[in-house]
2 protein chains.
Amino acid sequence: MEQYQSLSKEQLLGLCEDLKAQYEGYKAQNLKLDMSRGKPSPEQLDLTMGMLDILHKGSGMVSGGVDTRNYGMMDGLPEAKKIFADILEVEPGMIIIGGTSSLNMMYDTVVRALLLGVYGGKEPWIRQGKLKFLCPVPGYDRHFAITEQLGIEMVGIPMDENGPDMDLVEQYVNSDPSVKGIWCVPKYSNPGGIVYSDAVVRRFAALRPAADDFRIFWDNAYVVHDLYPERAPKLYNIFEACKEYGSEDMVFEFCSTSKVSFSGGGICAMAASERNIELIKKQMSVQVICFDKVNQLQHVRFFKDKDGVLQHMKRHAAVIRPKFELVLGTLREELGGLGIASWTDPAGGYFISVDTLPGCAKRTVQLCKEAGVVLTGAGAAFPYGKDPQDQNIRLAPTYPELRELEVAARLFTLCLKLAAAERLLAD
Amino acid sequence: MEQYQSLSKEQLLGLCEDLKAQYEGYKAQNLKLDMSRGKPSPEQLDLTMGMLDILHKGSGMVSGGVDTRNYGMMDGLPEAKKIFADILEVEPGMIIIGGTSSLNMMYDTVVRALLLGVYGGKEPWIRQGKLKFLCPVPGYDRHFAITEQLGIEMVGIPMDENGPDMDLVEQYVNSDPSVKGIWCVPKYSNPGGIVYSDAVVRRFAALRPAADDFRIFWDNAYVVHDLYPERAPKLYNIFEACKEYGSEDMVFEFCSTSKVSFSGGGICAMAASERNIELIKKQMSVQVICFDKVNQLQHVRFFKDKDGVLQHMKRHAAVIRPKFELVLGTLREELGGLGIASWTDPAGGYFISVDTLPGCAKRTVQLCKEAGVVLTGAGAAFPYGKDPQDQNIRLAPTYPELRELEVAARLFTLCLKLAAAERLLAD
């Protein structure tokens, strides 16, 4: 098929009519599908059911010298720290284990910086007037919601296939002391699926922030979430990079088992320099006595070590790889060569990011919704929910069954085509 | 034995020598005992081991229409809400279930009020200059640590056997708009073991705060923690009392299963008016996607309902009642009639509160420590750790075994006597 842009008005009108007829056919099916959030499917969650057999009435509950059932050990079981440390390639002393949600840990980390300050800072962020965070875009809507709620101004930073525009990042961070942080998903970025290049990671480590209390929020959510584990790209270890520049205190790294074990019952962790960890533990000791150590124990005994986690993730990959391939195949088949969309082909993570013609994202999402397929709201991947070009849409293919996904993906391409044809007619 | 105050200097000197000789005998035993924190004993934790058999590989994991293993249902499983609602005698719609720590939930609630504001308030607390919390004393050190860390000035409020001095509470709350909150442990107060009287609860409900964003932090930590369940005192339901005054929005109530199931793996809850809950849920949705629903499910299926919890608490009572009775018996036997100490005789909770002669608490705790028995630091039950009279000591009898407890209690009374004799000699 020809590129839409080369069609005459008459051809576009005919195309629209044809697409609308197809669209009505979908509407008549009364679909109710959801591709809005990066949720594991029941089949993936089933992979972890064995963890529920790990602890039982007769289990020994002592770990690292403490009774996991009782209070104490705020920063987590040594064995749990070891697994996360191995995964993140840091020392166990650089790890704090939290509750079920790494988002919660990130939120709390921003709140602590606001109210109490960070290591090396002269005073809490909140006493310093206007505050800014850099937000590589498209990015994770829940990151942006945190900074928005807490009154921190967000500055969008464009991304390319290597990561954020580091010229711009350096310009802001190294000159503006009101820039206190940057949100990063460095491996399989949400939603772009980009793995930051070694050069980008090194440039992060080499930052010379104007603020003495600037922090990189390195949300390594997809650290072990490779779709093709045998040929997975390797993210350069930022703490390793920082060693060269003595900048280890600049990084807060986060991850969790939300998409490894149970999203509704996993454990999370943060990694930071020992100086950061020491202060954070002191601050945190007022907030909480301990997180769920019984759940930590259960995870430790189920996964055993980093290799146990990696083997488990291969089973996840086997479940979700066909889903990604189905959606990508549908996009190619339906949209290839039409000049109205581009999309990412991620090697891991939970999303496919689609760019429509400018001004077509909202309309596409709306059309899908009216036909019963919920997508992430258009603009969600941008600070304040505002996509300046109205062209980015995030697809989350993991949750639906293959059969449903095929329908949803087909409908999505139809809606995108219809929105594009309408837009070209209106221009 | 005579009252210490009626002894001559010579008699006191002889007594001191005798007590010191006994004390050296204890020191020679190289004891290592801990009565510092309100921790359940391993025997109590064993009572909940059956919960670990509740979920297994083949378990149905859907509850309230959602897969507990996946994301979602931020405010908790409906069945978990029902159990907490029944225990707190409120509607399930007034409940939010949290993670393992109610302390964390209280901390977060104060932080939200500071940064985002509460329902009905004009602006976040933090924009309103100086802030104060009332702190009934003796009280819970971890409450005071929160307000201290967050820069909120604490005002001590004396307690009697009916609860806080309500004349003083009314005077502060109803006239000073910088008073934003009060910390309360209304049933079996920590450490005094006091159950607030109906009249006190009603006076709380009848407060007319000068601040439109004042909140009562009603930490009902020991709501089901009766030592004598058959004749347990009943705390008047504050939300019921508030109905009469239309003041339901003024109360944030908290509780947890930390001393019901596992301290290191329980679940917690807060209760508030539906208007409060609606705003809190909106605010919280930025912080967290969901807490551990798998653990909630496990709790729900193990305890089944409020009655299941109450039956379980009878088994706890059977374990810890002898410990309280042992310590109280030792106090009576060793200190009765000496005029150097008074103590509480709680019907529940986790503590016995001892008052020494003024100026003897620190010395008593120090003597115990040097002989190998760790008590809660003297002064811990007061804001900023400062007991103006240096006379309050909190005993936590639940954790040690009976045999150890007997030694620890005996040593404690000895140290207290020695400190008192020294003090009287010095006067």
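Overview of the structure. (Residues numbered from 1 in each chain as written. Chains lettered and ligands numbered in written order. Predicted model: local features only at pLDDT ≥ 70, side-chain atom pairs only at ≥ 80, totals over all residues. Heavy atoms only, no water.)

Section: the pattern of salt bridges
Operational definition: Just to be clear on terms, a salt bridge is a Lys or Arg side-chain nitrogen sitting within 4 Å of an Asp or Glu carboxyl oxygen. Only DSSP runs of H or I with at least four residues qualify as helices, and only runs of E with at least two residues qualify as strands; both kinds are numbered from the N terminus onward. Only protein chains enter the accessibility calculation, which uses a 1.4 Å probe; a residue is then buried when its area is under 20% of its type maximum, exposed when over 50%, and partly exposed in between.
What the rule picks out here adds up to 44 salt bridges over all chains. Salt-bridge contacts for lysine 243 of chain A lead to glutamate 240 of chain A; the nearest nitrogen and oxygen are separated by 3.6 Å. You can see lysine 243 of chain A and its partner glutamate 240 of chain A sitting in helix H8 (residues 238-245), 3 residues apart, about one turn around the helix. We classify lysine 243 of chain A as exposed; its relative accessible area is 54%. On the basis of relative accessible area, glutamate 240 of chain A is assigned to the partly exposed category, the value being 40%. The salt bridge involving aspartate 141 of chain B is made with arginine 37 of chain B; its shortest N-O contact spans 2.9 Å. Of the two residues, aspartate 141 of chain B sits in helix H5 (residues 141-149) while arginine 37 of chain B sits in the loop between strand E1 (33-35) and helix H2 (42-46), which places them 104 residues apart along the sequence. Under the relative-accessibility criterion, aspartate 141 of chain B is labelled buried at 17%. Look at arginine 37 of chain B and you get partly exposed, because its relative accessible area is 26%. Among the charged side chains, a network of salt bridges with common partners joins Glu333, Glu334, Glu406, Arg410 and Lys417 of chain A.

Section: the nonpolar core
Residues and elements named next belong to chain A. In plain terms, the rule: Throughout this description, the term nonpolar core refers to a set of buried Ala, Val, Leu, Ile, Met, Phe, Trp, Tyr and Cys residues connected via side-chain atoms within 4.5 Å. Each domain's limits were defined by an automated method or a database of domain assignments. In this description, contact between two residues means that some pair of their heavy atoms is separated by no more than 4.5 Å.
Counting residues in each nonpolar core, the largest one holds 118 residues, and the members touching the most others are Tyr4, Tyr196, Phe204, Ile216 and Trp218. With 13 residues, helix H13 (residues 402-426) is the largest single contributor of residues to this core. Built from parts of two domains, this core gets at least three residues from each of domain 1 (4-44 + 311-426) and domain 2 (61-304). Ignoring sequence-local partners within four residues, the contact set of tryptophan 218 consists of Cys184, Pro186, Tyr196, Val201, Phe204, Leu235, Ile238, Val251, Phe252, Glu253 and Phe254.

Brief notes about helix H11 (residues 306-335) of chain A
All names here are of chain A. Applicable threshold: Residue count minus one, scaled by 1.5 Å, sets the expected span of a helix. Consider a residue and the seven residues that end there alongside the seven that start there; fitting an axis to each set, the bend is the angle between those axes. Any N or O atom pair separated by 3.5 Å or less is treated as a polar contact, with the protein-specific requirement of one donor-capable and one acceptor-capable atom, and with residues adjacent in sequence counted only for side-chain atom pairs.
Look at H11: 40 Å from first C-alpha to last across 30 residues, which is about the 44 Å you get at 1.5 Å a residue. The sharpest bend along H11 reaches about 35 degrees and sits at isoleucine 320, with the proline proline 322 one to four residues further on. With a side-chain oxygen lying 3.2 Å from the backbone nitrogen of aspartate 307, the N-terminal cap of H11 falls on aspartate 305. Looking one or two residues beyond H11, the residue adopting positive phi is glycine 337, at roughly 80 degrees.

Some remarks on the packing of aromatic side chains
Two descriptors summarise a pair of aromatic rings, namely the distance from one centre to the other and the angle between the planes of the rings. Residues and elements named next belong to chain A. Note the cut-off: Side-chain rings of Phe, Tyr and Trp, where Trp is taken by its six-membered ring, are said to pair if the distance between their centres is within 6.5 Å; with planes under 30 degrees apart they count as stacked, over 60 as edge-to-face, and otherwise as tilted.
Throughout the structure, instances matching the rule amount to 22 aromatic pairs over all chains. Seen from their ring centres, tyrosine 196 and tryptophan 218 are 5.6 Å apart, and the 85 degrees between their planes marks the pair as edge-to-face. Separated by 22 residues along the polypeptide, tyrosine 196 in the loop between strand E8 (179-184) and helix H7 (198-205) and tryptophan 218 in strand E9 (residues 215-219) bring together distant segments of the chain. The buried category is assigned to tyrosine 196, whose relative accessible area is 2%.

Side note on the packing of helix H7 (residues 198-205) of chain B against helix H8 (residues 238-245) of chain B
When two helices pack together, their arrangement is given by the angle between their axes and by how far apart the axes lie. All names here are of chain B. Let me state the cut-off plainly: The convention used is that axes are lines fitted to C-alpha atoms, helices contributing only their stretch in contact, and that angles between N-to-C directions extend from 0 to 180 degrees. Any angle from 65 to 115 degrees is called roughly perpendicular, while one under 35 is roughly parallel, one over 145 is roughly antiparallel, and all others are oblique. Note: crossing handedness is left-handed where the near helix turns anticlockwise from the far helix by less than a right angle, and right-handed where it turns clockwise. Residues are sorted three ways: Asp, Glu, Lys and Arg are charged, Ala, Val, Leu, Ile, Met, Phe, Trp, Tyr, Cys and Pro are nonpolar, and all the rest, Gly among them, are polar.
Between H7 and H8, the least distance of the axes is 8 Å, while the angle of their chain directions is 50 degrees. One element, H7, and the other, H8, form an angle in the oblique class. Here H7 and H8 pass one another in a crossing that is right-handed. On H8, the residues touching Val201, Arg202, Phe204 and Ala205 of H7 are Ile238, Ala241, Cys242 and Tyr245. When the residues that make up the contact of H7 with H8 are grouped by side-chain class, the tally is 7 nonpolar, no polar and 1 charged.

Some thoughts on the sheet that holds strand E15 (residues 392-395) of chain B
All names here are of chain B. Selection criterion: Pairing between strands is defined by DSSP: at least two bridges between the two strands are required.
Spatially, E12-E13-E15 is the arrangement adopted by the 3 strands of the open sheet, whose pairing is antiparallel. Two strands in the sheet have a free side with no partner beyond their single neighbour: strand E12 (341-343) and E15. Taking each pair of neighbouring strands and ignoring which way they run, the sheet shows an average axis angle of 25 degrees. The pairing of E12 with strand E13 (residues 352-356) spans 3 bridges and is classified as antiparallel. Bridged to serine 342 within E13 is aspartate 355. Against the sheet, helix H12 (residues 361-370) engages E13 and E15, with an angle of about 40 degrees to E15.

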